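Residue strings, one per chain:
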Amino acid sequence: MKGKFITFEGCEGVGKSRQIKLLQEYLDKHGISYYLTREPGGSLISEKIRNIILDSENKKMTDACEALLYAAARVQLLDEILKEKLDNGELVICDRYVDSSLAYQGYARGLGVDFVSKINAYALENFLPDYTVFLNLSPKDAFKRKGGADKGDRLEQSGIDFHNKVYNGYLELAKSDKERYIVIDASGTKEETHNKIIEELEKRHVI
Ligand code: TYD
């Protein structure tokens, strides 16, 4: 893994997609090359797995099945695409990654960090991100700003309790890995948040 591997994390509605878009524009403007992908998904097979996971008709899906599908989609993306990119020294940016599994499946669904770490050992041992940008905004504030949850998305329909568990999970993860986690206060304007992200990535010589 020669290239830098940066992931973005946060609860629903914190403006993660918007921030990744702004970062993309910044990198393009400054002629910095990168490979941008997302999880779950990022490859044909992983996108198919994504559709199964997020399908609101799959109400019978068990928590363990869900966790294993995320892990499967992840391994496929790593082996099929990201391994080569990183070996070639490329900057790889991923919208969500293994910390989403730890926060959502481990903490919020209650499967436990041990179980989720075990099924994600391949990613954790071989492809741990150099830095994880965590957009810090509580679910209450995020939903307020966004104006409610998306109807078609099975996960966004989970209640506020679930999202609070996700949020607290992230805070625990950030506390336990201060070197890797870049915690960004996302309560300000999108420009303010963007500037903070750029500043932190520059400070660490990522860009
Ligand atoms: P998406 O629509 O991409 O949400 P967002 O814009 O918030 O990233 O859906 C991804 C959903 O999958 C999101 O609710 C978080 C969840 N997720 C997990 O629960 N575990 C995981 O390992 C990953 C990668 C995502």
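Because the structure is a prediction, the values reported are computed rather than measured.

The next thing to look at is the overall build of the protein. Across its full length, the protein carries nine helices and five strands. Listed N to C, the secondary structure of the protein is β-α-β-α-α-β-α-α-α-β-α-α-β-α in terms of helices and strands. The C-alpha radius of gyration computed for the protein amounts to 16 Å, which stays within 12% of the reference 17 Å derived for 207 residues, consistent with globular compactness. For the protein, buried positions account for 47% of its 207 residues. Of the contacts formed within the protein by residues at least 6 apart in sequence, a portion of 77% connects residues at least 24 apart. Positive and negative side-chain charges in the protein, numbering 31 and 34 respectively, have mean positions lying 3 Å apart.

Once that is clear, we can look at the pairing of strand E4 (residues 131-136). The element E4 is largely enclosed, with a buried count of five among its six residues. Here strand E1 (residues 5-10) runs beside E4; their pairing, made up of five bridges, is parallel. Within the sheet, the bridge partner assigned to phenylalanine 8 lies in E4 and is valine 133. Summarising the sheet, E4 and strand E5 (residues 181-185) pair through five bridges and their orientation is parallel. Among the inter-strand pairings, phenylalanine 134 is bridged to a residue of E5, identified as valine 183.

What follows deals with the packing of helix H3 (residues 63-87) against helix H4 (residues 98-108). Contact geometry for H3 and H4: axes closest at 10 Å, N-to-C directions at 175 degrees. The angle between H3 and H4 places the two elements in the roughly antiparallel class. Residues Glu66, Ala67, Tyr70 and Arg74 of H3 touch H4, and the partners they reach there are Val98, Ser101 and Gln105. Of the residues contributing to the contact of H3 with H4, the split by class is three nonpolar, two polar and two charged.

Moving on, we come to the site of the ligand. Inspection of the region around the ligand gives 15 residues, with Glu12, Lys16, Arg96, Ser101 and Gln105 positioned closest. Arginine 96 places a side-chain nitrogen or oxygen 2.7 Å from an oxygen atom of the ligand. Protein contact buries 90% of the 540 Å² of open area that the ligand shows by itself. Broken down by secondary-structure element, the contributors of at least two residues to the shell around the ligand are helix H2 (44-54), H3 and H4. In terms of residue count, the dominant contributor to the shell around the ligand is H4 (four residues).

With parallel pairing, the five strands of this open sheet are ordered in space as E2-E3-E1-E4-E5. Pairing within the sheet leaves two strands with one partner each, and these edge strands are strand E2 (35-38) and E5. Shown here is a sheet whose adjacent strand axes are inclined to one another by a mean of 20 degrees, direction ignored. Two elements, E1 and strand E3 (residues 92-95), share four bridges in a ladder whose sense is parallel. Bridge assignment links phenylalanine 5 to a residue of E3, and that residue is valine 92.

Each value, and the rule that gives it
- Residues numbered from 1 in each chain as written.
- Predicted model: local features only at pLDDT ≥ 70, side-chain atom pairs only at ≥ 80, totals over all residues.
- Heavy atoms only, no water.
- Helix = DSSP H or I, 4+ residues; strand = E, 2+ residues; numbered from the N terminus.
- Rg over C-alpha atoms; globule rule 2.2 N^0.38 Å.
- Buried < 20%, exposed > 50% of the residue type's maximum accessible area, 1.4 Å probe, protein only.
- Contact = heavy atoms within 4.5 Å.
- Lys, Arg positive; Asp, Glu negative; His and termini not counted.
- Charge placed at Lys NZ, Arg CZ, Asp CG, Glu CD.
- Pairing = 2+ DSSP bridges.
- Axes fitted to C-alpha atoms, helices over the stretch in contact; angles between N-to-C directions.
- Parallel < 35°, antiparallel > 145°, perpendicular 65-115°, else oblique.
- Nonpolar A, V, L, I, M, F, W, Y, C, P; charged D, E, K, R; others polar.
- Near = heavy atom within 4 Å.
- Polar contact = N/O pair within 3.5 Å; in protein donor to acceptor, adjacent residues only side chain to side chain.
- Areas by Shrake-Rupley, 256 points an atom, 1.4 Å probe, with all protein chains shown as cover.

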